[in-house]
Amino acid sequence: MSVAELDALIEEATVDTYDEIETVNGFLAVIDEHLALPFSTTVLGVEVTVVEIDLTNDHRVIARCVREEFRQDIGLAELPLPEPHPDGAHWVEAYRRWAGC
């Protein structure tokens, strides 16, 4: 996506937000609504399934990844997206741009 398109998504996700916590919650809402879950991706050479996007107590957006009986939360900004991207991944890219990643 172009920078202008990502900026438009950022504006849409953050409309009527007044601080960073509200902004993060705005991103969580649009990502939760639009990102197709579950999807598989590779983290450190291991295939995992992203089953949920959530918010930590310190207001970080994370991807909950599972593999067999193991579970690991990874910051959404650091999560490698698979090719092709899952539907709604443009919201993850907008979040990354907003977060300065």
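Check the entry above for the structure.
Residues numbered from 1 in each chain as written. Predicted model: local features only at pLDDT ≥ 70, side-chain atom pairs only at ≥ 80, totals over all residues. Heavy atoms only, no water.

A. Layout of the nonpolar core. Ranked by internal contacts, the top residues of the largest apolar core, which has 28 residues, are I31, I53, L76 and L79. Elements with a minimum of two residues in this core: helix 1 (3–14), helix 2 (20–34), strand 1 (39–43), strand 2 (46–55), strand 3 (61–67) and helix 3 (89–99). For L76, the contacting residues outside a window of four places in its chain are I31, I53, V61, I62, A63, V92, Y95 and R96. (Core = buried A, V, L, I, M, F, W, Y, C linked by side-chain atoms within 4.5 Å. Buried < 20%, exposed > 50% of the residue type's maximum accessible area, 1.4 Å probe, protein only. Helix = DSSP H or I, 4+ residues; strand = E, 2+ residues; numbered from the N terminus. Contact = heavy atoms within 4.5 Å.)

B. Representation of the packing of aromatic side chains in the model. If you walk through the whole model with that rule in mind, you get 3 aromatic pairs. Relative to W98, the ring of F27 has its centre 5.5 Å away and its plane inclined at 40 degrees; by these criteria the two rings are tilted. You can see F27 sitting in helix 2 and its partner W98 sitting in helix 3, a full 71 residues away along the chain. For F27, a relative accessible area of 0% corresponds to the buried category. An angle of 35 degrees between the planes, with centres 6.0 Å apart, marks the rings of Y95 and W98 as tilted. Residue Y95 and its partner W98 are both found in helix 3; the two are separated by 3 residues, about one turn of the helix. (Phe/Tyr/Trp six-rings, centres within 6.5 Å; stacked < 30°, edge-to-face > 60°.)

C. Molecular detail of helix 2. End to end, helix 2 covers 21 Å across 15 residues, agreeing with the expected 21 Å (1.5 Å per residue, within 8%). Restricting attention to buried positions, one finds in helix 2 the residues T23, V24, G26, F27, L28, V30 and I31. (Expected span 1.5 Å × (residues − 1).)

D. Geometry of the environment of L44. Residue position: L44 is located in the loop between strand 1 and strand 2. On the accessibility criterion, L44 (86% relative accessible area) is exposed. Note: C-alpha distance between L44 and P80 (36 residues apart in sequence) is 9.5 Å.

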